[in-house]
Amino acid sequence: MTSRGLGGVWRSCRRNAEDPAEVAAGSKMTGGGKRRSRAAVQGLEQCEKTKDVKKRRSSEADIPSHLCHEVETCYRLKMPEDFYHFWKFCEELDPDKPWDALQSSIGLQLVGPYDILAGKHKKTNKSGDVNFNLHWRFFYDPPEFQTVLTGDRKMQYHVGYFRDMPDELPVWVGENEAKKGCMISQVGDNIFAAVKLFLSRKFKELPDKKKSGILKAIDEKLTETAKRMGYSLEQKTVMMKQRDKKVVTKSFHGAGLVVPVDKNGVGYRELPETNASLKRICKAIVDAPNDDQRLKAFAPIQEMLTFVQFANDECDYGMGYELGIDLFCYGSHYFHKIIGQLLPLAYNLLKRTLFAEIIEAHLADRREENVDQLAV
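All figures in this text were calculated on a predicted structure; none of them were measured in a lab.

Now for the side chain of Glu70. Summarising the element assignment, Glu70 is placed in helix 3 (residues 65-75). Reaching out from Glu70, the side chain makes a polar contact with the side chain of His121 at a distance of 2.7 Å. Setting aside anything within four residues of it in sequence, one finds Glu70 in contact with Ile116, His121 and Lys122.

Summed over the entire model, instances satisfying the criterion amount to 16 aromatic pairs. Pairing Tyr75 with Phe132 gives two aromatic rings, centres 5.9 Å apart and planes at 50°, and the pair type is tilted. Here Phe132 lies in the loop between helix 6 (114-117) and strand 3 (145-150) and Tyr75 lies in helix 3, a separation of 57 residues in the sequence. In this structure Tyr75 comes out as buried when scored by relative accessible area, which is 2%. A residue is classified by how much of its surface remains accessible, and Phe132, at 7% relative accessible area, is buried. An angle of 80° between the planes, with centres 5.0 Å apart, marks the rings of Phe83 and Tyr84 as edge-to-face. Members of the aromatic cluster, joined through ring pairs, are Phe83, Tyr84, Trp87 and Tyr114. The ring of Phe252 carries the charged tip of Lys279 above its face, separated from the ring centre by 4.9 Å. Over the aromatic face of Phe328 sits the side chain of Arg366, whose NZ or CZ is 3.9 Å from the ring centroid.

As enumerated under the stated definition, the model contains 16 salt bridges in all. For the salt bridge of Lys120 with Asp115, the shortest nitrogen-to-oxygen distance reads 3.7 Å. The partly exposed category is assigned to Lys120, whose relative accessible area is 24%. Taken together, the shared-partner salt bridges in this structure form one network comprising Arg269, Glu314 and Asp316.

Time to look at the packing of helix 10 (residues 275-286) against helix 13 (residues 318-330). Where helix 10 contacts helix 13, the axes come no closer than 11 Å and their chain directions differ by 50°. On the basis of the axis angle, helix 10 is oblique to helix 13. Crossing geometry of helix 10 relative to helix 13 is assigned as right-handed. Contact residues: Asn275, Leu278, Lys279, Cys282, Lys283 and Val286 in helix 10; Glu322, Leu323, Asp326, Leu327 and Tyr330 in helix 13.

Definitions and limits used
- Residues numbered from 1 in each chain as written.
- Predicted model: local features only at pLDDT ≥ 70, side-chain atom pairs only at ≥ 80, totals over all residues.
- Heavy atoms only, no water.
- Helix = DSSP H or I, 4+ residues; strand = E, 2+ residues; numbered from the N terminus.
- Polar contact = N/O pair within 3.5 Å; in protein donor to acceptor, adjacent residues only side chain to side chain.
- Contact = heavy atoms within 4.5 Å.
- Phe/Tyr/Trp six-rings, centres within 6.5 Å; stacked < 30°, edge-to-face > 60°.
- Buried < 20%, exposed > 50% of the residue type's maximum accessible area, 1.4 Å probe, protein only.
- Lys NZ or Arg CZ within 6 Å of the ring centre and 35° of its normal.
- Salt bridge = Lys/Arg side-chain N within 4 Å of Asp/Glu carboxyl O.
- Axes fitted to C-alpha atoms, helices over the stretch in contact; angles between N-to-C directions.
- Parallel < 35°, antiparallel > 145°, perpendicular 65-115°, else oblique.
- Left-handed = near helix turned anticlockwise from the far one by under 90°.

It is worth stressing that arrangement in space is one thing and function is another; only the former is reported here.
Now the structure itself:
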């Protein structure tokens, strides 16, 4: 890195929008990257950023306001209405232990911010030292992901909200099995839809269909509650499809990254490597037999860091964001220092300050096990 470093982009961006070299569709940019084509940008314009349509009705869910405030204060995130309504649904199933209401029947447990509704944070002497944004944060969870349900502990299956912006409501609900890797799959735009999909898979996996009575009862009650509350049970809603149009790159985790891109394509430029070639570069670094070979294998990454510097200087913040997320998703500690340079800066440039704080804390305490921060 030069003495300016990646931090040198903290300045106002002044661009000559009339410069044909800068606005030409798909033109190559300084640093080897390429901006999105004009057609792609127009596609984004047709899908203008919408306001959060999920009205927050936690009061209707009859959750004490001080509890709602405590959840959002601990996480510094707004929680959607379905979060509270699902808690009430589980309270109806098991008034004494709603967090365990689905444990014996389908193997799901309510965790993360639900632990605050359950009062678990008050029953441990660690609560004062807990960073709740690391609470139930699994190894591959990016800052955008917030776990609310866990399942198979062996595979570290978990379900959570995915946000593009920390000050907005989630764009959808996703699932991941940390023992398998970084992939995050979409399972609806609310927790009811996610559990409905989970139940449908449980039905198919059930060896003895005669024992499906409990699953059917839960499924019927969940479906009735979701419809009464007006929640979609589709795995892919219209709003989710609209968000897909704003994705500039899928990234290694498959959830896609969204950054502001103006009519001239300013905001994102492609990495000079495909996902497949970047994974080969990462593998060569991790598998290097010694430090000398590893240093040589890092050369393409070092070149990309220079490209990211150029991109940041020209307000294409998405490039460094993508490279940082991809290296994080690859999962090797060899990349932690570079991730620590790339992602906090990218998030700050994108005005996603909380995500910058989360990635810094996660890199400092990235665990493969024992992700329950309240456990004694």
